[in-house]
Amino acid sequence: MTVDHVEWASRMVLGGRLPQLEGTPAFPAVFSADGKHQIVVFTHQIRVYFLATRQCVRCIDINIGLIVDMCLDPGSASQILLFSGLGGVFSVNWKEKVASPVTEVFVMSPPQGYVLASASCYGDRFVGVFQSTKKKGPSTALVQTFLKENEGETKVVVDDVTPVFSWSFDKSQVVFVTTSHEVVRVSVSGDSEMSVERNSFVYKSPVTSVAVSNDGVVALGTGAGPIQLIYVGGSDQRLLKWHIDLVKTVAFSPDNKYLLSGGLEKVLVLWHLDSDNHQFLPRLNGTIDKIHIDVHKTDCYSMLLGCSDGIHHEMLTILAVDLVSRLTVNSARPRLVPGVAHSLRRAYKKLGNHDNLYQVPIRQDYSLPAAVHPTTNQVYFPSGASIQIYDWVRQEQQSLLNAAAVLPTGKVRSETKLVDPKISLVDFSNDGSWMVTVDTVTPSPVDNLLSKSDEYHALKFWKNVDSKNDGSKWELACKIIDPHGHGNKIFTIKPAPLLKNELAFVSADDKGGVRIWRVVKNLSNSNQQTAWTLHKSSPGGIASSSAVDVCWSQDSSVVFLAHETSVTVLDGYKLTTLNHISGIADSPIRAINVLENHLLVVSQTRIASYDLIRGAFSFIMRANFPEGARNLVAIDYDSRLICVAANYYEKSTNTLAIKSKLLVFNHNNLEPVFTKNHNQGITSVLCVSGSFLFVDLDARVGMLTSSLTEYLELNEDIKPDVNQIMIKAEERAQQEIAHNNDRKTFDMNTFASAFENAHSLTLDSLFDRVVSITGR
Amino acid sequence: MGAFFEDSYPVHALLRLADLSFSKKAVFATPTSFKASQIDVGVSRSLILTFALKPTPKLVWSYPLPPSTIVECMDVHTVGDEEKRFVVGLTDGRKHKLVLIDRKGETSNVSEINVNGKIVGVKFAGHGHGNIIFVCMHNGATKLYRKSVEGKLQEVSELSGAKGSKVIFNCFVAEKELGNEHELLITVECHGKEWAYRMISLTETRLLEVHQVLVPGQKDCIFAYNCGQLFCLNISTKEISLLDIPSFSIVKTISVAPLIQQKTPLEAISLQVPAQNRLILGVKGTISLISFSFECLLDSFNMKGDIYLGLVVPTQGQRTFILFLHFNSDKNTTKIHMMNANVGRGTVAECLGKSMHRNEAVVSQGIPFILDEDLTESSKIGANEFGAVLDKLRELRSQKLVEKWERVAVPFMKNELWESITKALNKTKKHKTYPYSAFDIDTDRLLDPSFVEQIISIIVGGDEFVLDPEFLPEHTVVYLLTHPLFPIKYTHGLTEELAKLGNEDLLKQALITCPNLPIDHLCRQLLDSDTGVFAESASRLVAEKSILEITSSFQRVLQEMNSSQGLDTVLNRLLEWDSNKKWILVQAIIDVGGLLNWPASTVDSLESIIARRITSLTTNSYNLTLVGQALLLAQPSKKSKKTKKTAKANDIIESNGFQQQQLDSILAMNDLSSKKVKDEALKLSQKVPSYSVEKLVL
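Residues numbered from 1 in each chain as written. Chains lettered and ligands numbered in written order. Predicted model: local features only at pLDDT ≥ 70, side-chain atom pairs only at ≥ 80, totals over all residues.

Caption draft 1: Expanded view of the overall build of chain B. A count of helices and strands for chain B gives 19 helices and 28 strands. Buried positions account for 37% of the 698 residues belonging to chain B. Excluding contacts between residues fewer than 6 apart, the proportion of contacts in chain B whose partners are at least 24 apart in sequence is 51%. (Helix = DSSP H or I, 4+ residues; strand = E, 2+ residues; numbered from the N terminus. Buried ≥ 20, exposed ≤ 12 C-beta atoms within 10 Å, placed from the backbone. Contact = placed C-beta atoms within 7 Å.)

As structure tokens, this is what we get:
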């Protein structure tokens, strides 16, 4: 069915991740003045959570670049101040709905050669901590006071500092650590002069975190584990020993009685400083990167927990009294490629002077796998050994599924060498009742085996056990180790189209071997688990290639296998070779898909739609696709649309930027239905019930929607059913018959019964009798 | 596998009914399934016939008709093979009759009733035990007849049609086909300029019009119905449309233009629906099986003369049969033919590459860059350029200018601008020779597969890969052989042709790089012992194919060549071949040749290989033990690490501590005594034999 006027629109649905804020004591969340709301800043969004219900109550889209610090505006409770590295101060209204969220902009212009690292606001006065931008040697820090809309006033310069510094809870002091093993406390509370106090300490190991209490006690977290406490005056020092690896953060409680610390162990340690007791909150979801106690909510501790990929974070707020979680904030966590900026700078060195930069293939594969559950529409982001199940409509993480065994505790020292399994593939049966994952384990280098380069693959079938609720609970039903034989890596697995209620998956390995997996239900014993077994297999050669893909035709009668540049047609039931399709691609094929009678072929250099019936191409386009091209193409089988994301380089100052273009095609036409340019590289494209979702390198999620989706749904309702027509016609006919039968004939005898014993009746009851006989 | 026609044979010759159109000559009652043992035919002006189909078609019963009657329609209610009830709509001059014939064995009972118009459709009610008959009249009226106890036909109910309407098509829809409880009659009627689609509900007591849709009328249409699908073939536009029931709107239209010649009369075309989404179209002397969903021609059948499809038995599965009338104009005879058909499963698998729209002229497409603003425009520019290059190459081929050809073909594919090539061509100076170049994905021009195909077809001048020694642009051929888009159709016979040409370089090139080489050709190349390309074909074979494929291919090739002589030579060559991959082929060849079929010399050489292996294994393990012992001695305890640095003899071992650890872990596997066993359990396990027999003492 073709509809002429289809309008497409695009919008962003998710606003990025929690910012990293490295090298500053800043925390990406603040409490409102009444302590009821927590305002969390994402890279492209501000989200306000109501603590009592743990729900997000407001969402503000912002786009003001990299933020280094933030605080609640002391002058106005409905404003928060965001500080950017270049000294911009943006006042954002978080409470009310306003036309533009950024209501005011100030500038704290940093001195030449410095960038803002952290800032704090006291009424009409800002205090900024600047760090010198020079790359080599010890850095210099500068503390400067600004009056709003004024040039900087007083300042203090501290030389030879390490990047570690911190504010006291009441923001009256800043503490720095110098390379000559001194702690420098700068008191900024006074209105005019800032006082500086230096204390030297005994060097144990590199200082990785620092905190200062309101009364001037300094705590130093070290790379080796022990925490050093330096009391005012510097003469009195002591060690707190529990951590055995890097202490990422330390913080004093507002009453200075407790010290909180956390690091790689994923354990929050509370030190009671007077009694030497300590308390633990173990098994947190990540390494503790930051601890924050807010002035407006002193009975809550907020923590930033680092995920295993080192890019994403989870924010956790716990109640100080019982250490019970009050709020967990998670962004969507696609497995982003680390070091994008670095790789772009390297690419710039190579390609900076290229004439046709937009035609140059992207040098690194930034794409990442993601899957959409066919019925709940939740997005599944595999990352490491776990899968994040994210509800993009409610913008909440539904759950985090551990699909392979990992250490629940944090890894310290030599444990960091343990290799976690990696999930490479996630997919669902078309009815959404089964999930299939493929993960890979490499032996840990710790074991030092000869077989250390061997990989073990596990194919796992998960059954949905929670279909009534949100459907995000899964139970492992079957696990197959090395499903394609030892040493053969599964590169792709696809569900069979749901025909005759048969559930099946087809998988292909790097050597071109194909296997079909079927579910075997043992009905005789309901307690027995459903088992997945190998149904058919087709062997591969010995040439290994990462360019492998496999797909079913929509009637599941044919399986297409792409290996390197050739496409083989296999019987969908027996897996026997039917024939080879030649001249499909001149470069390794990254992905294939069947749409109606067209085979969509995505190879390294082109995307083409091949008419299987005519044996000719409907269109061919040149494009540069990375190895994970499969993630950059999504197909809507209902409306026969293809959405493709093409990333390209664009020149920027001293580096390259990745831009992208999204195109929506019909399966048989070169002319795109819709195109959209996006300012960031795209990592995956997904189809969600008639719309397309895309994920970019900022972990933002956008959406392309068409008016067609609504149209189709509407049409379904209007379509008449034979049965309904029959029923209506029957009713009409019955009414006619009934109408004809309504004309009763009356004669003398009809009313005879009414007049029995009539003498004893009143006129009214006689009337009733007559009426009851005539009916109605 | 797939869909096809098979076994066509004549069943019965009709009398000469020259003045009647095909559709009037005979009508067929639809049997309940394709397994039916009998078929019933009503032949105008002669007989109503029953044929037994198995083992061979045989006439088992007939009922004579007056020589002026025309059979309009017929339905059969079957009780058993010997007991049937026929209802027939007859036209005899101006009289129209509904006739009910009861056949019991050889006897037949007849009751008839005159009706006031032409009958176009009759049907026994599904639950009426043959006593209730629905009749569709030509004027659109629907009637319900009942056979009374006395055997008389009585009209029970009538639903009159609209005035002046004519029924074009009618079909009785069985229960539940459209998902409802009742039987239905669907008619297409013509009211002047409008058409009406009507649905009439049929019950045993009552007729009820349930739905009517009016649409603008069309000319020359043929309808066919099955399984809830109503198809309409429009002869003038040569399109078949699927109509949705009950809205009667067009769901999908396909063109069948290649199957219908210009100016084919309406009478020469017939359409039937054997199964869902599959159509059988009869046009003049051709019957075609069409997949509606994939718009392709699955199979076709030809006969001299004209064919009219009488009956196609609807099927849920794949097998069915067709009855058709064949008119032979030479002999002026009309025969009923029967043909078996497999209509397939309606899957993509059956339809691959079977489009009925042949690509008349292969046109190269331009390949736009995905980020281009106007994709269509840049596609056109590219296509024009491809066209220009091909024109130039054709011209050069006809003039046999190899040198100029080489200046054009490879440089163009190597991404040289077309303008600069044309400029260079116009210069008269001698062209320099280029080195042989292979395909390189990063720098070369992206080509349309049909462009590559056309270049090759220009070189070889046809669909077969046959090189002309007078025109052999070697650079281009080498380049094309390295190109992944080398079309599959030219790979057949490619290696033979190159071997015949005696050009070993080209053959090697083909064996190494040419994609999609058929496996049988590779095996044959391997068995053809006198070629010097043994290593190339062997490594190609191993790299791309699995051992199962190789074995079965060897088997096929040997059967074709009818000798197993070559096998031994190949095996011996393989053993000489210096590559690890040879063992795969050795296995395949031994599998094919059998275990005992080898000359003694071959067995000996195999044996000597195995003996060598065993010796080297023994030596290796001995060496390994020695090294292990040496290590143990050199490393009395872990503590003396510092002192070891001074000991020079140990430096070699020490320098590669990592490997040594690995060595340790191997040695420790079965040699627990060499390590200090601290674990008590381990000590214990050493004492207890690894397996023991325990007896149950009572």
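Read on for the rest.
Caption draft 2: Representation of the sheet that holds strand β51 (residues 655-666) of chain A in the model. All names here are of chain A. The sheet built from 4 strands is open, its strands ordered β49-β50-β51-β52 with antiparallel pairing. Strands with a single pairing partner mark the edges of an open sheet, and in this sheet they are β49 (633-636) and β52 (674-678). The average undirected angle you get between the axes of adjacent strands in this sheet is 20°. Bridge count between β51 and β52: 5 bridges; the pairing is antiparallel. Looking at β52, one finds that L662 is bridged to K676. In the packing of helix α1 (residues 340-351) onto the sheet, the strands contacted are β50 (641-652) and β51, and the crossing angle to β51 comes to about 95°. (Pairing = 2+ DSSP bridges. Axes fitted to C-alpha atoms, helices over the stretch in contact; angles between N-to-C directions.)

Caption draft 3: Main features of the interface of chain A and chain B. Counting residues at the interface gives 55 residues for chain A and 58 residues for chain B. Secondary structure elements with two or more residues in the side of chain A that touches chain B: β43 (566-571), β44 (577-581), β47 (606-611), β48 (616-622), β50, β51 and α3 (722-742) of chain A. Looking at side-chain class alone, the side of chain A that touches chain B contains 29 nonpolar, 18 polar and 8 charged residues. (Nonpolar A, V, L, I, M, F, W, Y, C, P; charged D, E, K, R; others polar.)

Caption draft 4: Just helix α15 (residues 600-634) of chain B, in detail. Relative to the 51 Å expected for 35 residues at 1.5 Å per residue, α15(B) spans 50 Å between its end C-alpha atoms, a close match to the ideal helical length. α15(B) sits mainly on the outside: 0 of its 35 residues count as buried. (Expected span 1.5 Å × (residues − 1).)

Caption draft 5: Representation of helix α10 (residues 519-527) of chain B within the structure. Burial of α10(B) is extensive: 7 of the 9 residues sit out of reach of the surface. Those residues of α10(B) lying buried are H521(B), L522(B), C523(B), R524(B), Q525(B), L526(B) and L527(B).

Caption draft 6: Representation of the nonpolar core within the structure. Residues and elements named next belong to chain A. One finds F560 and C643 to be the most contacted residues of the largest nonpolar core, which totals 278 residues. Ranked by residue count, the leading element in this core is β50, at 8 residues. The residues touching F560, leaving out its near neighbours within four places in the chain, are V550, C551, V567, V569, I592, V594 and L599. Counting 91 residues, the second largest nonpolar core, distinct from the first, contains F130, F165, W167 and F169. (Core = buried A, V, L, I, M, F, W, Y, C linked by C-beta atoms within 7 Å.)

Caption draft 7: Focus on the environment of F4(B). All names here are of chain B. Along the chain, the position of F4 falls in strand β1 (residues 4-14). With 16 C-beta atoms packed within 10 Å, F4 lands in the partly exposed category. The sequence separation of F4 and N340 amounts to 336 residues, and the corresponding C-alpha distance is 8.8 Å. With residues near it in sequence (within four places) discarded, F4 still touches D299 and N342.

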